[in-house]
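# Geometric and topological summary
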Amino acid sequence: MAHDLSDIAELIRSAPWDSLQPQLLHHADFTMRKGLGWGAAAISDGRPCIEGRDAAWFLDEAIKKTLDGTRKWNPEAVDLRRHLSEVIRSLIDSHLKSVVVRNRINLIADKAGTVASIEGRPDPGPTSADSIARGELLREQNKLIRAFRAHIADDAELIALFDAYDAEYYDPREIAAVTSLKVDRIYELSRKLKTKYVKFTMTYSGPLEQSDLVIARRRK
Amino acid sequence: MNNIIDDMHARILTGLESTDQSIDDVKNSLITSGYDPDKELAAFKARLSSIISRHTWKAEARAKQSAFNNKVMSIISWASRSSEDIDAAFKTLMANQKTPHGLAMAFRNLDAITLEDKIAILNDYALLNHDDTSLQ
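What you are looking at is a predicted structure, and each value in this text was computed from that prediction instead of being measured. (Residues numbered from 1 in each chain as written. Chains lettered and ligands numbered in written order. Predicted model: local features only at pLDDT ≥ 70, side-chain atom pairs only at ≥ 80, totals over all residues.)

A separate point is the overall build of chain B. In terms of helices and strands, chain B carries 6 helices and 0 strands. Listed N to C, the secondary structure of chain B is α-α-α-α-α-α in terms of helices and strands. Residues classed as buried in chain B amount to 18% of the 136 residues present. In chain B, of all internal contacts separated by at least 6 residues, the share reaching a separation of at least 24 is 60%. (Helix = DSSP H or I, 4+ residues; strand = E, 2+ residues; numbered from the N terminus. Buried ≥ 20, exposed ≤ 12 C-beta atoms within 10 Å, placed from the backbone. Contact = placed C-beta atoms within 7 Å.)

Below you can see the structure in the form of structure tokens.
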């Protein structure tokens, strides 16, 4: 059954927000933390934000884009939580990518000693610039997550869980099968790992002293 | 060249989010991250109400605009009629009991109105009285 936008608005209005909102806010918060440590996201009042936009902003924006049909939602195929999670992730990645592109432009401008020739150029579109930005984004995110792994290296249980996630084992029973961890313990460790990750991202400054991005920002 | 860079961070985040079993787990995680979940929820509900009401208003405005555009499209312009038809229709309009009093009074000197003005008035009147097919 096809849903028009007024159906979608009613489904959104009547959604179980008491449970949905905390989950989506949490998802946005976690996703934004990918940009910490290398300047794409910053901490404000203990929470991550990207150029002044916080997790709540990304949730609101995902809802607005669903309501106006910019982001299509088929309620029969995907539940609201999964749909909004995906839109939030995509919006955050897009904002992080735009920071990368801007930093790149600043860097090139810095090296050339002028910004005029770059700012005057039309947007090259989602071609090479887009894939370079995506690569840059992933490289910086992976530096952060590797630094986090080094940070927890002394805790064998946490490392085992981290490596299980890295190998794409997400179900606690599957993780128990490939590690020496018990299922109940996995839940405890997951909470511990999450807390450590959040605290780590709040203080991480990144091993990026040689990074072009950092150099570019410092020159600004 | 960078399209196949491994997204290790995404896998770890998926893992960290996968074992949230209850809403309390999620709320505790939010507290760890510096949020007040109850305050955030209340603020969100207020914003959601405003977002939906704004969306509803915009959707209604779009529907009205669309209906108006359809109405305009369905009305045959008086510019395509003969000057005799236009003069006759204008005369009928001025004499019609249903014509707003102010409109009739504004054009007491009917001889001074150009054909173009008559066409514009007839088109506007047809648009305002779309259901009244007597003038079309």
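This part covers the interface of chain A and chain B. Many authors give the size of an interface as the accessible area that is lost as the parts come together. With 52 residues of chain A at the contact, the number on the chain B side is 39 residues. Secondary-structure elements contributing two or more residues to the side of chain A that touches chain B are helix H1 (5–13), helix H2 (17–32), helix H3 (55–67), helix H6 (128–151), helix H7 (156–166) and helix H9 (183–203) of chain A. Here the side of chain A that touches chain B gets 12 residues from one element, more than from any other, and that element is H2(A).

This paragraph deals with the confidence of the model for chain A. All names here are of chain A. For chain A, per-residue confidence averages 81 on the pLDDT scale, and 79% of positions sit at 70 or higher. Put simply, helix H5 (residues 116–119) is where chain A has its lowest mean pLDDT, 41, and H3 is where it has its highest, 96. Low pLDDT, under 50, characterises residues 114–125; the stretch is placed with 7 contacts to residues that sit more than four places away or in other chains. Counted against residues more than four places away or in other chains, residues 208–220, with its pLDDT under 50, gives 18 contacts. (pLDDT = per-residue confidence, 0-100.)

Okay, the nonpolar core next. Ranked by internal contacts, the top residues of the largest apolar core, which has 54 residues, are Ala28(A), Leu59(A) and Ile88(A). Of the residues forming this core, the biggest block, 8 residues, is contributed by helix H4 (residues 80–112) of chain A. Listed in part, the 8 residues of the second largest apolar core include Phe90(B), Leu93(B), Ile121(B) and Tyr125(B). (Core = buried A, V, L, I, M, F, W, Y, C linked by C-beta atoms within 7 Å.)

The subject of this paragraph is the packing of H2(A) against H3(A). Residues and elements named next belong to chain A. The contact between H2 and H3 brings their axes to 8 Å, and the two run at 120°. Of the two elements, H2 crosses H3, and the hand of that crossing is right-handed. Listed contacts from H3 to Leu24, Leu25, Ala28, Asp29 and Met32 of H2 are Ala55, Ala56, Phe58 and Leu59. Within the contact of H2 with H3, the residues separate by chemical class into 8 nonpolar, no polar and 1 charged. (Axes fitted to C-alpha atoms, helices over the stretch in contact; angles between N-to-C directions. Left-handed = near helix turned anticlockwise from the far one by under 90°. Nonpolar A, V, L, I, M, F, W, Y, C, P; charged D, E, K, R; others polar.)

Overall, antiparallel pairing links the 3 strands, which are arranged E1-E2-E3 (chain A) in an open sheet. For this open sheet the edge positions go to strand E1 (42–44) and strand E3 (53–54) of chain A, each flanked by a neighbour on one side alone. (Pairing = 2+ DSSP bridges.)

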